[in-house]
Amino acid sequence: MAYFSWSEDLRVGNSFIDSDHQKLIKLVAQLHEAMAEGHGKDVLGKTLAELIRYTQEHFKREEDHMLRMRYPGYAAHKQEHDRLMREVLDLQTRFNAGNGMLSVQVSGFLRNWLVQHIMKSDMELASAIRNAA
Ligand SMILES: [Fe+2]
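What counts as what
- Residues numbered from 1 in each chain as written.
- Predicted model: local features only at pLDDT ≥ 70, side-chain atom pairs only at ≥ 80, totals over all residues.
- Helix = DSSP H or I, 4+ residues; strand = E, 2+ residues; numbered from the N terminus.
- Buried ≥ 20, exposed ≤ 12 C-beta atoms within 10 Å, placed from the backbone.
- Contact = placed C-beta atoms within 7 Å.
- Expected span 1.5 Å × (residues − 1).
- Core = buried A, V, L, I, M, F, W, Y, C linked by C-beta atoms within 7 Å.
- Axes fitted to C-alpha atoms, helices over the stretch in contact; angles between N-to-C directions.
- Parallel < 35°, antiparallel > 145°, perpendicular 65-115°, else oblique.
- Nonpolar A, V, L, I, M, F, W, Y, C, P; charged D, E, K, R; others polar.
- Left-handed = near helix turned anticlockwise from the far one by under 90°.

**Student:** Even after reading the chapter, I still don't get the overall build of the protein, so can you show me in this structure?
**Tutor:** Scanning the protein from terminus to terminus reveals four helices and zero strands. C-alpha extents for the protein along the principal axes are approximately 50 × 30 × 20 Å. The buried share of the protein, reckoned over its 133 residues, is 19%. Sequence separation of 24 or more characterises 73% of the internal contacts of the protein that already satisfy a separation of 6 or more.

Structural data, given as structure tokens:
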């Protein structure tokens, strides 16, 4: 059983959000595996950068959608995105400055954060999208 994989209870019921989340979960799992396999700074750094790049892309997609539909929860939702992005960029800065080690706490933090965000904020967003349709 993979450390972190997609499961049906994470489905929010919106196709672009769900497929973005599937990819994000794959990237977090990849980062975890790269750490567990003891890969060096090079591989870990690239995996982390790819995860950050895709997260930014995904957040932007959700935020654009919220703005287009004049979603009342936009500000709070964006605040959560911004907070996660700050935390992850901070983590990357420390990683780049350090010895190339990432602790298992990192992928644990990412997994928990992602699951909590999906189960609450993204579920609410998807249901608002459905109601607006
Ligand atoms: Fe979100």
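**Student:** Where do I start with the environment of Arg 70 in this structure?
**Tutor:** Here Arg 70 shows up in the loop between helix 2 (41-68) and helix 3 (74-97). Measuring from C-alpha to C-alpha, the distance between Arg 70 and Asp 9 comes to 27 Å, with 61 residues separating the pair along the chain.

**Student:** Which parts of the structure should I look at to understand helix 2?
**Tutor:** Since the α-helix packs 3.6 residues into each turn, any two residues three or four apart lie on the same face. The end-to-end C-alpha separation of helix 2 is 40 Å, in line with the 40 Å expected for 28 residues at 1.5 Å each. Taken residue by residue, helix 2 has Thr 47, Leu 48, Leu 51, Thr 55 and Glu 62 as its buried positions. Considering only its buried residues, helix 2 is in contact with helix 1 (15-36), helix 3 and helix 4 (104-132). Positive backbone phi, approximately 50 degrees, marks Arg 70, located one or two places after helix 2.

**Student:** Help me out: how do you make sense of the nonpolar core in this one?
**Tutor:** Proteins that are soluble and globular tend to have nonpolar side chains buried together. Ranked by size, the top nonpolar core spans 11 residues in total: Phe 4, Ile 25, Leu 27, Val 28, Leu 31, Met 35, Leu 48, Leu 51, Leu 102, Val 106 and Leu 110. The set of elements that each furnish at least two residues to this core consists of helix 1, helix 2 and helix 4. For Leu 31, the contacting residues outside a window of four places in its chain are Thr 47, Leu 48, Leu 51 and Ser 107.

**Student:** How do you make sense of the environment of Gln 116 when you look at a structure like this?
**Tutor:** Topologically, Gln 116 is positioned in helix 4. For the pair formed by Gln 116 and Ala 36, sequence separation is 80 residues and the distance between their alpha carbons is 24 Å.

**Student:** Please clarify how helix 3 should be interpreted in this entry.
**Tutor:** Helix length check: helix 3 (24 residues) gives 34 Å between terminal C-alpha atoms against 34 Å at 1.5 Å per residue, within 8%. With one of 24 residues buried, helix 3 lies mostly on the surface of the structure.

**Student:** Explain the packing of helix 1 against helix 4 to me, please; I cannot follow it from the model alone.
**Tutor:** Packed helices, taken two at a time, are described by the angle their axes make and the gap between the axes. Orientation of helix 1 relative to helix 4, taken along the N-to-C sense of each, is 170 degrees, at an axis distance of 9 Å. As judged from the angle between their axes, helix 1 and helix 4 are roughly antiparallel. Contacts from Ile 17, His 21, Leu 24, Ile 25, Val 28, Leu 31, His 32 and Met 35 in helix 1 reach Val 104, Ser 107, Leu 110, Arg 111, Leu 114, Ile 118, Asp 122 and Ala 126 in helix 4. Here the contact of helix 1 with helix 4 is built from residues that sort into 11 nonpolar, three polar and two charged.

**Student:** Could you clarify how one ought to interpret the packing of helix 3 against helix 4 in this entry?
**Tutor:** Two elements in contact, helix 3 and helix 4, have axes whose closest approach is 11 Å; the angle formed by their N-to-C orientations is 170 degrees. By the angle between their axes, helix 3 is roughly antiparallel relative to helix 4. When the axes of helix 3 and helix 4 are compared, the crossing they make is left-handed. Here His 77, Glu 80, Leu 84 and Leu 91 of helix 3 lie close against helix 4, whose contacting residues are Val 106, Trp 113, His 117, Ser 121 and Leu 125.

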